[in-house]
Amino acid sequence: KRDRSYFRIPPYLDKIGEKEIIFVTLSTLMYDSQGKILGLTTVDWSFEDLNKLLGQFAITKSSYTTLIDLPNSKIVFYPDKKLIMEDKSKLAWTNKIQYTNLEKNKIFKIEDEKISGIEHDIYYTVTNSDYLLAAVINKKEAYAVIGGIVLRNVLLSVVTLALVGFFIFIVVDLSIKPLNKIISVLRGIASGSLELNERIHIKSNDEFGELADTFNN
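Residues numbered from 1 in each chain as written. Predicted model: local features only at pLDDT ≥ 70, side-chain atom pairs only at ≥ 80, totals over all residues. Heavy atoms only, no water.

Visitor: How should the environment of Glu-48 be read in this particular structure?
Guide: The topology assignment puts Glu-48 in helix 1 (residues 48-55). The class for Glu-48 is buried, based on a relative accessible area of 18%. In the structure, Glu-48 is positioned 25 residues away from Phe-23 in sequence and 8.5 Å away in space, judged by C-alpha atoms. In contact with Glu-48, not counting residues within four places along its chain, are Lys-19 and Ile-21. (Helix = DSSP H or I, 4+ residues; strand = E, 2+ residues; numbered from the N terminus. Buried < 20%, exposed > 50% of the residue type's maximum accessible area, 1.4 Å probe, protein only. Contact = heavy atoms within 4.5 Å.)

Visitor: What is the right way to read the pattern of salt bridges from this model?
Guide: Oppositely charged side chains are able to pair whenever their charged atoms sit close together. If you walk through the whole model with that rule in mind, you get eight salt bridges. With its nearest N and O atoms 4.0 Å apart, the salt bridge here joins Lys-106 to Glu-103. Residue Lys-106 is classed as partly exposed on the basis of its relative accessible area of 39%. In this structure, the salt-bridge partner of Asp-112 is Lys-139, at a minimum N-O distance of 2.4 Å. Placement of the pair is Asp-112 in strand 7 (residues 108-115) and Lys-139 in helix 2 (residues 139-143), with a sequence separation of 27 residues. A relative accessible area of 15% means that Lys-139 is categorised as buried. (Salt bridge = Lys/Arg side-chain N within 4 Å of Asp/Glu carboxyl O.)

Visitor: Would you mind showing me how to read the packing of aromatic side chains here?
Guide: For any pair of aromatic rings, the description consists of the separation of the ring centres together with the inter-plane angle of the planes. Applying the stated criterion to the full structure yields four aromatic pairs. Ring geometry for Tyr-12 versus Phe-23: centroids 6.1 Å apart, planes at 25°, classification stacked. Placement of Tyr-12 in strand 2 (residues 12-16) and of Phe-23 in strand 3 (residues 19-31) is noted, with a sequence separation of eleven residues between them. The class of Tyr-12 is partly exposed, set by a relative accessible area of 25%. For Phe-23, a relative accessible area of 13% gives the class buried. (Phe/Tyr/Trp six-rings, centres within 6.5 Å; stacked < 30°, edge-to-face > 60°.)

So this is what it looks like as C-alpha cells:
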C-alpha cells in the first residue's frame, strides 16, 4: 500500500455559470484485503468558501493574506487576481523561505520585506495539507496605531492564521472520510468478509450520500 491516504492533482480553474472558481481533485486508492489496488475514487474540492474567508482578513488597511499550493507551486489566493494560478516565484518573498524540512503548523516571520517599496512583516505557516498560508502586514500602518492595539491585532492574526490552517486540514480530512467508508465496504465485499447486502451508512445530501443510496438500493 501507499504511505499517503490521498493524493491531489494541481489546482485548476473551472467555471460555474460566469464565475471562475479554483478546484482541486482529491483521490484515494481502494484496496482489497491483500493490499491489491481495486480502483480509484475522487472528489472535486472548491476553494470558494475558503477564499472568501481569507479575503476578510485585515489587521491594517492594506494587510492581506496569501495561500500557496506548495507541491504544485501555485498561488491559489492573492488580492491581485492576476496572480491567481501563477507560480509562487512571482512573489519575491517566497524565494527567501527555506522549504527543506520546513516544520508544519509553526509560525515563521520574514521581517522588513519591501513590497512595492513599502516595508512589510510576513507571518507564514505550512499546513498538514502542504499549503503555505501567509499574512502580509504593512509595517508603517501597523506602527501608526497604538502599540497595544497593534500587538493585540498581530497576536489575533497569528492565531487566526493557525486556525485557518487547521480549517484547511479539517476540510480535506472530511472530504476523504466518506470515501474511506465506501472503500471499506467495497473492500470487505471483495474479500468475502462482508455480505453482498452490506449497507454503506453515509447521511449527506452530496455526491457521497447519493452514491451510498444508489449502492444500498
